[in-house]
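# Inside the fold
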Amino acid sequence: MVRLADDELAMLDGTEGPARQKAMELLLRYAEALGAERFVATRNVCGTMGMTMPFLRDYAAKHGSGIEALFSEFCLDSAQALDIPKVKIYSCHLQQGLDPERPAQQYLGPEAVKVYRDGEVFFSRLGVNLLNTCAPYLVGNVPVKGEHCAWMESSAVIYINSVLGARTNAEGRESAGAAMLTGKIPYWGYHIDEDRRGTHLIELDVDVTDTADWGLLGYWIGEAVQESVPVLTGVRQVPNLARLKHFGAAASSSGGVEMYHIVGITPEARSVEEAFAGNTPRATLRYGAAERQLAYERVNTTGRDRAVDYVMLGCPHYSSEQIWEVCQLLEGQRIHQNCSLWIFTARAIKQLADRNGFTKSIEDAGGFLMTDTCSSVGRVVPRGAKVAAVDSAKQAHYLPAIMGVQAWFGTTAECVQAAITGRWQGALR
Ligand code: F3S
């Protein structure tokens, strides 16, 4: 039985109009299904609520649905198109299904761009911040420790839970859309202290250094612990933002990890005792050279042909530092004529890259810096691409399944080298 506060009851009664009523009804059903006893107020929602994803573009075209009807149906579970009011709290839009600045490159016509532009108008009217990225913490949405949030996107969820100490479950389009209108989310899972406690101890026996290494570690841990809360010990070099971004994205793809602790580094793990907070570890696992080798083989299962025709970087969306790093690696060189280099980032970071001259450096080399989307979400690769190279274990996991390409996984330097030579020469070192 979910206990409802007065303001929740008022929304449920329709006092604040039919859209907020539908949103509260949906959240109540969700809370009941989860066994939550109450809601918690949130002032920070991130979701992919727009209609630019390929399946929704197709649906809208087939049914002739406008954006209010689509929002009503897919975010509020209402068959009837409702007037959608302004959001109640700070709400951000995550990744979109396309980059509106490069339709031709994505084989899109003007109708797809129109869906995107209509969405911009619609969400601006609602007061939504169009961050258009899977990594909103790169562009100003940085929740603080203990802040209750309602975020979608597994790589962002694991980042803010673990690295920032904020509190969210992995929400869906429906619950995020409803939370925007109500400022409420069921109080369960990672909102609750007990569920944030460590479950598995992971002892590192090897140094984990670059971004690819952190991706491998995340991939291995995700497969090993699935949806549990790993606690890592033995990390000797403090990872930067990009490494933790790739680590979390990998762990949430190969398993369903939404929260981890690194003893001495993440905010709820000043000690092993604090990370477990009274829990007895279900298992103690060791990550050494053999486990690292195994993870490398697992991530590279689809790579067979050494001739690479597509290098995709920016999963999760690249930070400004990572774009700078690629520019250093490209310096004065050209992308191979048989290969494409696409790098994905947030629009705000691209604007920074434009001003810093990074975009020009990448384009001078023959590559593209793209925004809002990525190859897996937008379901687009360069025409005819068969063999991709990526520096993201998450992307190596998804891209072959979604786009039917082979994928090699390695370091950023190996990927840039593949873009320049058209050949994969990566190896585990
Ligand atoms: Fe982001 Fe696409 Fe990866 S939306 S996390 S770049 S799969």
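Everything numeric in this text was worked out from a predicted model, so none of it was measured.

Broken down by element type, the chain carries 17 helices and 15 strands. For the chain, the spread of C-alpha atoms along the three principal axes comes to 65 × 55 × 35 Å. With 429 residues in all, the chain has 59% of them scored as buried. A fraction of 76% describes how many contacts in the chain between residues 6 or more apart in sequence connect residues 24 or more apart. A total accessible area of about 16900 Å² is found for the chain, and carbon and sulfur atoms account for 50% of it. Taken as two groups, the 41 positive and 49 negative side-chain charges of the chain have centres that lie 3 Å from each other.

When we look at a pair of aromatic rings, we describe it by the centre distance and by the angle of the planes. Tallied over the entire structure, the rule returns 12 aromatic pairs. Ring centres of Phe122 and Phe123 lie 4.9 Å apart, and the angle between their planes is 75°; this geometry places the pair in the edge-to-face category. Three or more aromatic residues joined by ring pairs form one cluster here, namely Phe55, Tyr59 and Phe74. Over the face of the ring belonging to Trp408 we find Arg306, whose NZ or CZ atom lies 4.7 Å from the ring centre.

On to the domain arrangement of the chain, then. As assigned here, the chain comprises domain 1 (6–191), domain 2 (197–298) and domain 3 (302–421). One C-alpha centre belongs to domain 1, the other to domain 3; they are set 28 Å apart. The interface is formed by 24 residues belonging to domain 1 together with 24 residues belonging to domain 3. Between domain 1 and domain 3, the buried area comes to about 1900 Å², and carbon and sulfur atoms account for 56% of it. Interface area lost by domain 1 to domain 3 is led by Arg102, Gln105 and Tyr107, which between them contribute 30%. Joining domain 1 to domain 3, the criterion identifies three salt bridges.

All right, on to the pairing of strand β15 (residues 406–409) then. Neither face of β15 is open: one carries Gln406 and Trp408, the other Ala407 and Phe409, and all of them are buried. Remark: the strand β14 (residues 387–390)/helix α16 (residues 393–403)/β15 crossover connection has right-handed handedness.

Another aspect to go through is the site of the ligand. The full set of residues close to the ligand is Gln95, Cys134, Glu153, Ser155, Gly314, Cys315, Pro316, Cys374, Val377, Lys394 and Gln395. Class assignment for the residues of the shell around the ligand results in five nonpolar, four polar and two charged. Split by domain, the shell around the ligand shows at least three residues from each of two domains, domain 1 (6–191) and domain 3 (302–421).

Our focus in this paragraph is the environment of Glu153. Position of Glu153 among the secondary structure elements: in the loop between β5 (150–151) and α6 (154–164). With a relative accessible area of 15%, Glu153 lands in the buried category. In this structure the C-alpha to C-alpha distance between Glu153 and Tyr107, which are 46 residues apart in sequence, comes to 26 Å. Once residues lying within four places of it in the same chain are set aside, the contact partners of Glu153 are Leu94, Gln95, Cys134 and Lys394.

Calculation notes
Sequence order as written defines the numbering, with residues in each chain counted from 1. With the structure being a predicted model, the display of local features is reserved for residues of pLDDT at least 70 and the display and counting of side-chain atom pairs for 80 or more, all residues being used for whole-chain, interface and lining totals. To get the side-chain values, all heavy atoms of the structure are used, and hydrogens and water are removed first. Helix and strand labels come from DSSP, where a helix needs a run of H or I of at least four residues and a strand needs a run of E of at least two; each type is numbered from the N terminus. Partly exposed describes any residue whose relative accessible area lies between the buried limit of under 20% and the exposed limit of over 50%, with all areas from a 1.4 Å probe on protein chains only and scaled to the type maximum. Any pair of residues with heavy atoms lying within 4.5 Å of one another is described as a contacting pair. Accessible areas in this description were obtained via Shrake-Rupley with a 1.4 Å probe; residue shielding takes into account the shown protein chains only. This count recognises Lys and Arg as positive and Asp and Glu as negative, with His and chain-terminal groups excluded. Charge coordinates come from a single atom per side chain, which is NZ of Lys, CZ of Arg, CG of Asp or CD of Glu. Each pair of aromatic rings taken from Phe, Tyr and Trp, with Trp reduced to its six-membered ring, is defined by centres within 6.5 Å and is described as stacked if the planes are under 30 degrees apart, edge-to-face if over 60, and tilted in the remaining cases. Only when the NZ of Lys or the CZ of Arg is both within 6 Å of the ring centre and within 35 degrees of the ring normal is a charge said to sit over the ring. Segmentation into domains, and thus their bounds, comes from an automatic or database assignment. Simply put, the buried area is the total loss of 1.4 Å probe accessible area from both parts when two parts are fitted together. Criterion for a salt bridge: a side-chain nitrogen of Lys or Arg within 4 Å of a carboxyl oxygen of Asp or Glu. Look down the strands so they point away from you; if going from the first strand over the helix to the second traces a clockwise path, that crossover is right-handed. Proximity is defined per residue: any heavy atom of the residue falling within 4 Å of a molecule or strand makes that residue near it. Here the term charged refers only to Asp, Glu, Lys and Arg, the term nonpolar to Ala, Val, Leu, Ile, Met, Phe, Trp, Tyr, Cys and Pro, and the term polar to all other amino acids, Gly among them.

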